[in-house]
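Below are the chains, spelled out letter by letter.
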Amino acid sequence: MAPRRIKPILAEIVAALGGIAAATAGKTLEDFRSDWLLRHGVERGIEIISEASRHIPDDLTALAPEIPWKQVRGIGNILRHEYHKISDAIVWAVVTDNLPALRVCH
């Protein structure tokens, strides 16, 4: 399989980050917990970020060593396969604590 082009990959990440930020602006953990569509939309956005990040070459991820790329790449698997075990508080912490750092990178 040919490697994916980097610009569309980065555009997918930026779009997902922007969508998550817009959807969660002014929201609280309780808002997140009580809104099925918001929770699932955010989780899908994180899955997209995770999957797209798997296609970023190592030489590019090395330019942002402060980003925990292994965890970024791994959270998609957790959301897809272990969704019944992940708490809303953990996903919300990813949104509020981790995703802003990715937004700064782009």
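None of the values given here were measured: they were computed from a predicted structure.

A. The overall build of the chain, seen in detail. Secondary structure assignment for the chain yields 6 helices and 0 strands. Listed N to C, the secondary structure of the chain is α-α-α-α-α-α in terms of helices and strands. Radius of gyration (C-alpha) of the chain: 14 Å, near the 13 Å computed for a compact globule of 106 residues. Put simply, the chain has 106 residues, and 33% of those count as buried. Considering only contacts within the chain whose residues lie at least 6 apart along the sequence, 70% involve residues at least 24 apart.

B. Highlighting helix 1 (residues 6-24). With 19 residues, helix 1 should cover 27 Å at 1.5 Å per step; its first-to-last C-alpha distance of 27 Å lies within 8% of that length. Among the residues of helix 1, Ile-9, Ile-13, Ala-16, Leu-17, Ile-20 and Thr-24 are the ones counted as buried. With its buried residues spanning 95° around the axis, helix 1 presents them on a single face. Relative to its buried face, helix 1 has exposed residues pointing more than 90 degrees away, namely Lys-7, Ala-15 and Ala-22. Phi for Gly-26, located one or two positions after helix 1, is positive at around 75°.

C. Examining the nonpolar core more closely. Judged by nonpolar contacts, the single largest core of 25 residues is most densely connected at Val-42, Ile-46, Ile-49, Leu-99 and Leu-102. Going through the elements one at a time, helix 1, helix 3 (36-53), helix 5 (69-81) and helix 6 (88-105) are the ones with two or more residues in this core. The element best represented in this core is helix 6, accounting for 6 residues. Once you skip the residues sitting within four places of it in the chain, Ile-49 turns out to touch Ile-13, Ala-16, Leu-17, Ile-20, Val-72, Leu-99 and Leu-102.

Criteria and cut-off values
- Residues numbered from 1 in each chain as written.
- Predicted model: local features only at pLDDT ≥ 70, side-chain atom pairs only at ≥ 80, totals over all residues.
- Heavy atoms only, no water.
- Helix = DSSP H or I, 4+ residues; strand = E, 2+ residues; numbered from the N terminus.
- Rg over C-alpha atoms; globule rule 2.2 N^0.38 Å.
- Buried < 20%, exposed > 50% of the residue type's maximum accessible area, 1.4 Å probe, protein only.
- Contact = heavy atoms within 4.5 Å.
- Expected span 1.5 Å × (residues − 1).
- Arc of directions from axis to C-beta.
- Core = buried A, V, L, I, M, F, W, Y, C linked by side-chain atoms within 4.5 Å.

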